[in-house]
Amino acid sequence: MDVHTGMQGITEEALKAAHQADVDIQADEGVDFQKAWADPDSGKVWCVSEAPNADAVRRIHERTGHPAVEVYPVPLEV
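Source: prediction; values computed, not measured.

### Some points on the pairing of strand β3 (residues 44–50)
Moving on, step 1. Where burial is concerned, the two faces of β3 differ: the one with Val45, Cys47 and Ser49 is buried and the one with Lys44, Trp46, Val48 and Glu50 is not.
Moving on, step 2. The pairing of strand β1 (residues 2–4) with β3 spans 3 bridges and is classified as antiparallel. Its bridge partner lying in β3, Val3 is registered against Trp46.
Moving on, step 3. Sheet topology places strand β2 (residues 32–39) next to β3; 7 bridges connect them, and they run antiparallel. Counterpart to Trp37 in the pairing with β3 is Trp46.
Moving on, step 4. Counted along the chain from β2 to the antiparallel partner β3, the turn is 4 residues long, and its residue Gly43 has a positive phi close to 80°.

Next comes the structure, spelled out in structure tokens:
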């Protein structure tokens, strides 16, 4: 899971476009971006993906112009 900040006022359309930009190049790093959520008031965006490592997620987000400020590997699931 990763977190973005500074996206105050983000709209549903802008969130979809940002997510699609990631999806369009995710294969370059072996990432599978699955879902994104946003809070327009706080400007925070959260993304869930499967990836070989946190750096792969960071590289994709940086290339699409919305770098993640935090990336949390989540190795356990129930």
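Next comes the rest of the account.
### Description of helix α1 (residues 12–25)
Moving on, step 1. Look at α1: 21 Å from first C-alpha to last across 14 residues, which is about the 20 Å you get at 1.5 Å a residue.
Moving on, step 2. Of the residues making up α1, those classed as buried are Leu15, Ala18, Asp22 and Ile25. Along the long axis of α1, the arc covered by the buried residues comes to 115°, so they all point the same way. Exposed positions of α1 whose direction lies more than 90 degrees from the buried face are Glu12, Glu13, Lys16 and Asp24.

### With respect to the environment of Glu70
Moving on, step 1. Checked against the element boundaries, Glu70 lands in strand β4 (residues 70–71).
Moving on, step 2. For the pair formed by Glu70 and Ala54, sequence separation is 16 residues and the distance between their alpha carbons is 9.4 Å.
Moving on, step 3. Look past the residues within four positions of Glu70 in its chain and what remains in contact with it is Met1, Asp2 and Val3.

Calculation rules
- Residues numbered from 1 in each chain as written.
- Predicted model: local features only at pLDDT ≥ 70, side-chain atom pairs only at ≥ 80, totals over all residues.
- Heavy atoms only, no water.
- Buried < 20%, exposed > 50% of the residue type's maximum accessible area, 1.4 Å probe, protein only.
- Helix = DSSP H or I, 4+ residues; strand = E, 2+ residues; numbered from the N terminus.
- Pairing = 2+ DSSP bridges.
- Expected span 1.5 Å × (residues − 1).
- Arc of directions from axis to C-beta.
- Contact = heavy atoms within 4.5 Å.

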